[in-house]
Each structure stands twice: as structure tokens, then as C-alpha cells.
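Examining the three-dimensional arrangement
Residues per chain, in single letters:
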Amino acid sequence: MASSHILSEDSDLSGVHDTGKNEGNATRNEQTFLGEEEFEIKTATDQEDLGTNGDDVDISLRGYQEELAKEGCEGKNVIVVAPTNSGKTRVACRIMQVHLRQKTAEQKNGRILFLVENEALAIQQGEVCAERLPTYRTKVFSGNVHRLKKQMLWDFLERRDIFVVTAQILLNALRAKKIESVKEFSLIVFDECHHSNKQHMYNEIMSRYLDLKLREKIESSELPQIVGLTASLGVAGKTEWDSGVNHMKKIMANMDAKVLCTVRKPETIEELKLYVNPPVEELLPVPGRHVDLFKNAVEKIAKNMFDYMAQASAVRNAASDDKFIQTTCRFPAAFGTEKYLQWNADFVKAIAKVQSEDIRRVVNPCRIHLENYNKALMIHRDARIKDAFDIIRSYAELREETFANEPENPKLLKLEEILLRVLSNDQNARGIIFVRTRELAQALVKWVNETDSLNGLNASEFVGQGVSASVGGMTKSGQKDALQFFRDGQHRLLIATSVAEEGLDISKCNLVIRYEHVTNEIVRLQSRGRARAENSLYYVIAEEGSWILEKEEKNRRCEVLMNQIVPYLQLLIEDPANFWERELLEIQENMKQEEERQAQQRTLQMAATGARFECFNCSSFICLSDDIRVIKGAHHVIIDEEAKRHLTLKEGAPTFTEPEGAEYGGILYCANEECQRELGSVCTYKFAEFPLVGLKNFRVVDQSGKGRQFKKWKQVNCRIEEFTFEELDAVVAERLAIV
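About the thresholds
Residues numbered from 1 in each chain as written. Predicted model: local features only at pLDDT ≥ 70, side-chain atom pairs only at ≥ 80, totals over all residues. Heavy atoms only, no water. Phe/Tyr/Trp six-rings, centres within 6.5 Å; stacked < 30°, edge-to-face > 60°. Buried < 20%, exposed > 50% of the residue type's maximum accessible area, 1.4 Å probe, protein only. Lys NZ or Arg CZ within 6 Å of the ring centre and 35° of its normal. Salt bridge = Lys/Arg side-chain N within 4 Å of Asp/Glu carboxyl O. Helix = DSSP H or I, 4+ residues; strand = E, 2+ residues; numbered from the N terminus. Pairing = 2+ DSSP bridges. Axes fitted to C-alpha atoms, helices over the stretch in contact; angles between N-to-C directions. Contact = heavy atoms within 4.5 Å. Expected span 1.5 Å × (residues − 1).

Attention shifts here to the packing of aromatic side chains. Within this structure, the stated rule accounts for 18 aromatic pairs. Aromatic side chains Phe 335 and Tyr 340 sit 5.0 Å apart centroid to centroid with 80° between the ring planes, which places their arrangement in the edge-to-face category. Each of the two residues, Phe 335 as well as Tyr 340, counts as buried. Three or more aromatic residues joined by ring pairs make a cluster, and in this case those are Phe 306, Phe 331, Phe 335, Tyr 340, Trp 343 and Phe 347. Over the face of the ring belonging to Tyr 275 we find Arg 62, whose NZ or CZ atom lies 3.6 Å from the ring centre. The ring centre of Phe 331 lies 5.2 Å from the NZ or CZ of Lys 303, which sits over that ring.

Taken as a whole and judged by the stated rule, the model has 49 salt bridges. For Asp 387, the salt bridge identified is with Arg 384, shortest N-O distance 2.9 Å. Using a relative accessible area of 12% as the deciding quantity, one classes Arg 384 as buried. One salt bridge in this structure joins Glu 595 and Lys 592, with 3.3 Å as the shortest N-O distance. You can see Glu 595 and its partner Lys 592 sitting in helix α21 (residues 580-605), 3 residues apart, about one turn around the helix. Residue Glu 595 is classed as partly exposed on the basis of its relative accessible area of 37%. The exposure class of Lys 592 is buried, given its relative accessible area of 1%. A cluster of three or more residues bridged by salt bridges with shared partners is formed by Glu 338, Arg 381, Asp 382, Lys 411, Glu 516 and Glu 543.

The subject of this paragraph is the sheet that holds strand β10 (residues 460-462). Strand order in the open sheet made by the 6 strands is β8-β13-β12-β9-β11-β10, with parallel pairing throughout. Only two strands of the sheet have a single neighbouring strand rather than two, namely β8 (280-286) and β10. Looking at each pair of strands side by side, their axes are set apart by 20° on average, direction ignored. Sheet analysis places strand β9 (residues 431-434) next to strand β12 (residues 511-515), joined by 4 bridges and oriented parallel. Counterpart to Gly 431 in the pairing with β12 is Leu 511. Docked against the sheet, helix α20 (residues 547-574) engages β8 and β13 (537-543), running at close to 145° with respect to β13.

Once that is clear, we can look at helix α8 (residues 241-254). Taking 1.5 Å of rise per residue, 14 residues should cover 20 Å, and α8 covers 20 Å from first to last C-alpha, within 8% of that figure. Taken together, the buried positions of α8 are occupied by Gly 244, Val 245, His 247, Met 248, Lys 249, Ile 251, Met 252, Ala 253 and Asn 254. Two residues or fewer after α8 comes Asp 256, characterised by a positive phi angle close to 50°.

Next up, the structure:
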């Protein structure tokens, strides 16, 4: 969601106006921000005075929920593992209630942090906490609360009891030392804690916790209690027992968990079944198109373009260091499929490494066209020809009527059959179709609403906020309306991307379909959990022979393995002879040493100065790495006035404003008249303009002449200096003095 995406260390903030094909953020004109009142919990909990909102009545729990809450209420670090719709947030609220009561009895300050991944979840979980714990003061903090309301998390530490916070906001505060450490809180709840792995924000937060435990030797009684919530820990996509066990142990070590809490008693297992309705599952292989003139026509254009690149004199006469590009400029078998997306990512990296500007000027424009041809074929494979045509209309000289007699897509016929059977005759029935891309979501919505037999379902898309509404994203209010209309029955079918797979409270529905899209065993479990109504159905629709069907079967085996490992780990933890806490400490120490080794290696590999930043499209020099500064670990601005000679800055309404007054908006272009490619956006501070670097649009060349393209700033192999607002003030004052 917007808040965590905007403030992430690796976010490409300058891509906010990207009309191309990558994720950015909407402009002010295109994005409807929630009003200030929507960031307040709509109860009396956001007050200064404690204890003014009624009696502290015990939160009532079902029997199985009491079992899940037991060890957490005893103050232990736990991970609560329970199915979707079983009431894990309610369990967490009970643990929080007991914790705050205990702190009051001990005459200590109880301060609870409830961490979530995005703003929509923060608002949702904040409302639950406020409703369940009305005696205590609850407040939600997200990027928009900081920016629009000018209310900072650290300013409220002594004025609230429960803080429901997007993880990125906490990380930013810790990095800026606005909050000294996680010791400021007495209990931290991690929603969807299975994400505490690799480079996730949760892991960075817990890394700071482990620094206190392992390096500063802080006693456990002085550290916050940790509670994780998840429907599944996963097995990292592995079907081998040892790999699955090691993955779960690592997640537990990351969360410093002493106990895995599940429903285990026979009577509570039976009770749980009354509230959780697993759907009937079926894999549905469907034949592909028998006649595919459109695919043949588009592939012919693409092959001609690859031939054009390979035969271009700059490529044929490439110097020895650039000859590798000759092999790369060959039509790949993956064209027209998801696998081409990875091929293309490697192609971009290869182009960045090419030394010759002439070669890059030939190859890069072709790459952009080929991306769109591939996207059109993917839509054509899963939707209608007319929707595919919409993507390449301005790129290819094809006539839509040429393909008017091609038969209907067999997968759409199967989809129509299911929707008619399950949803059409029951006005209370609801369905969700999960797809991979927002383009396919939009194409299927059009198909449903333009098909006479289905348009009564009034389908709606539900996609992320990562891009502006003009290129397929949704606004916050649009998402909110879509969910509410789905609950009310105005939309009886949602066609959604991954944003709806996890966490959000979506109404019970009778039908969940994963349409040509599966990922891992955790997402399988989460999306299946959306089919909450009695006698609900879960289908995976994919083309016959597709890897998707094989992948879903593997996910099923992973889920079975996962369910076998959890009770094994519980017995291992509970057996004193196994010394789980000793093993936990060993795993944590090994992880911490590896983390420190990687940090040291990256520091050694990082050049101090001198990397060149060039326009990826035309290779024009823009600036040196020495000319770039990073504000708040997220906004990479060019401070050298000379760089503006190589750039064109276009003013625009700010997409958002920092509390300190810096505004981000507008568009940054390459000044080369033959290029004029979009390179980022603009930071305006006290009437001074600073180019804001869109990293993916640049080729970064080190001192040895080696060029690379990066997606994340932490991958960049040169040091970018931090920049405080005090230093920014000094630069602005210097410019004004010169004027």
C-alpha cells in the first residue's frame, strides 16, 4: 500500500508519474486521499485520558481461542498459527488486554505496538483494537497520518497505550533515531508474521531486537514480549522434511518465539471446524486456443524486431567487450509468457553492461516495444483479442477485424460456465477471481460486464495503489468502495490481484478461483481462506500442460508437509531434553554473524565516489554519485545545479508533502532532444527544485567503466550520503544568496 511503499528505503519515489509499465504512485489529481477523519479510530479511544471509555471487561473467547491465547497471556514470546477467519486478531487483543493489566498491576508503563504491512490493514486492525479494548487509548500511524495530519509516532509515545503502525513507519523512526529502540514498547504484535524472513521490514525490526539480546546482552525481562500471528509459517516452497523444519525454525528464531500456539485439543479442534469451512477444491485444466492467428501475427512482428537488432551494424560490429549482446538479441522461446518477464529483466541488465552507446540506442527502444507485445500475448492467452489489441494498438500495424472470426477463448468459456452455475442463480452468492496482473483484472472485468449472461454480477476489479488510476491502479477510496459494494451485493464478483490475498477483511464468499496464477503454499492457504461460506468452492483454472497446475499440486504437498511439521516442532520445543532455547540461540547467533558478514562485504565492495549516472535510454551523462543525497533514507535528490543542464523539470501538483515542507511531484525528463525519456520527478523545498532520481531509469557506471541497472538503492555499488533537512536548508540558502 501507499504508506509502506512510499517510505521504503528501496522505493523508487521518483517513479510517481511513470506512464510506462512500472509501479509508482498516483498524482494528487489522480489519487483520492482519505480525509483526516478516516485516520482516527471512530470511537472515543483517541483521547488523552486513560480510563474514560468504560470498564475493562474481559474479551470473550471461544474455547479454541483461549487455547491459542494461553501462552501469550502468560507473557511468553509466541507465534499463533490458526486458519483464516478463526479470530487471530481477537486472540491478540486478549493477550494485549492481559499484558496491559499486568503492567498496571506492576505500576509499570505498558505500551503496545501492533505492526502491519500497509495502511489499509492498519486502519482495519486499529478499528478492531479500539472496539475490543475501549478502556485503552488506540491510535493508528501510517505514512498518510504522518504526512497529512502532521502527527508523528514518537510524539504520542506517552499519550497512547496501543499503536497500530505500518512497519515502514516504525523502521523510519528507528533509522532516524526518533525512537531509540524497540525497548520503548513492552509488547509487539506482528500481523502476518510469516513475512519475517530475508529482507522484509519485519526482519529488520527484529534484527534490532536481536542486537539488544545478543550484542548488548539485554535481559529478556527488559525486552518487549513478541507475539506473531499467521495462518501458516510455510516451508519456503520445499517438499523435503529437513528443509521445511529448518525454514520454520528460522522464522521462529527471527521472531524469538518460544512457543508455537495452535488448536490441539480434540474438543477445541471440533469447535474450530464449526467456524472454519474449508472449500471443496478442484484443479481445472482447459485446452488452449486451437487456432491462434493473433499469436502468430504478433510473434512474427517480434521476431522481425529481434532480427532487426541482431542485424544492426552497431550490434554486428560490436567490440569484444560487447559481443555478448549478439547472443542476447535472439528471439526467446519464453516470448508471450510470464517467463519472458524474467528474460526481459536479464535483458535490461545486459543492455546496462554494454559499453557502446550506439548499441544501446538501437536495442533499448526495441526492448520497450517487445515488452508491450509480450503483455498483449499474455492478455490474449487469458482473455479476449480485443483486450490484447488495446495494449498494442499504438505499437503494431495490425487490424483487429483480421481476427474477428477467431473462436472464443476456451478458458473464458469454462469461467463463464462456473460463474453461471455458482453465482448467477443465488443473489447472496459472492465470488473472487485472483489473477496475476492488473491488466488481466481489468480485461476480465470488461469481459464479465460486456457478456449478457454475466453482466448481472456487476464485476469490479480490486488492484493495488502502486500506480496511478490513469494507468490501472486504484485509489484508497476506490478500494474501500469496492470492498463495501462487494459486502452489500452491488458487486457480486471481485477480480483481484495479490493485494486481496492476505489480511484484508473481505466478506464471506462462495467461490474463489485462481485464474492462470498460483504462487506459494502460504498464498494458496490464504486465498483459499477467502471461500468462507458453507459449501464453498475453490478452483484453479489453467491451460492444459501448464506449469501452473504442477505448481499448485506442489503447493498442496507443501501445505500437507507444513501441517505435519508444526506438531513435530511443538513436541520438540516442549521436550526439556531437546533444549529448544539453546538451539534457538545458536540459530540466532548464526543469522546475526551472517548478517554482519554481508554488511561488511557490501561496505568493502562499495565505491566511495565517482559512479556516473546516465540516462538508460540514450546514455547521456546526468550526474555523479557524489552529486546525489538521500533524504530520510528514501528520497534520492541531485543537489548539483549543473546537473539541471542535462535535465528538464516539469512542475506538477505534489503527490505528497513531508512534515518538514518538502513536496514531491512533477516529472523529470532527459534533456536530450532525441530522447526526452522520463527519469524521475521533482522535490521542491522552500521554492528550490531538486531532481528526484528514478533509479530504474538510469545506467550506473562505476570507475572501471562497468555499467549496471538497479531496481533497489541498497544494491547500488556506490556510497550515497545522507542529507538532513538542516543540510538542505543550507543548500537552499546558498542558492538564494547566489541569486
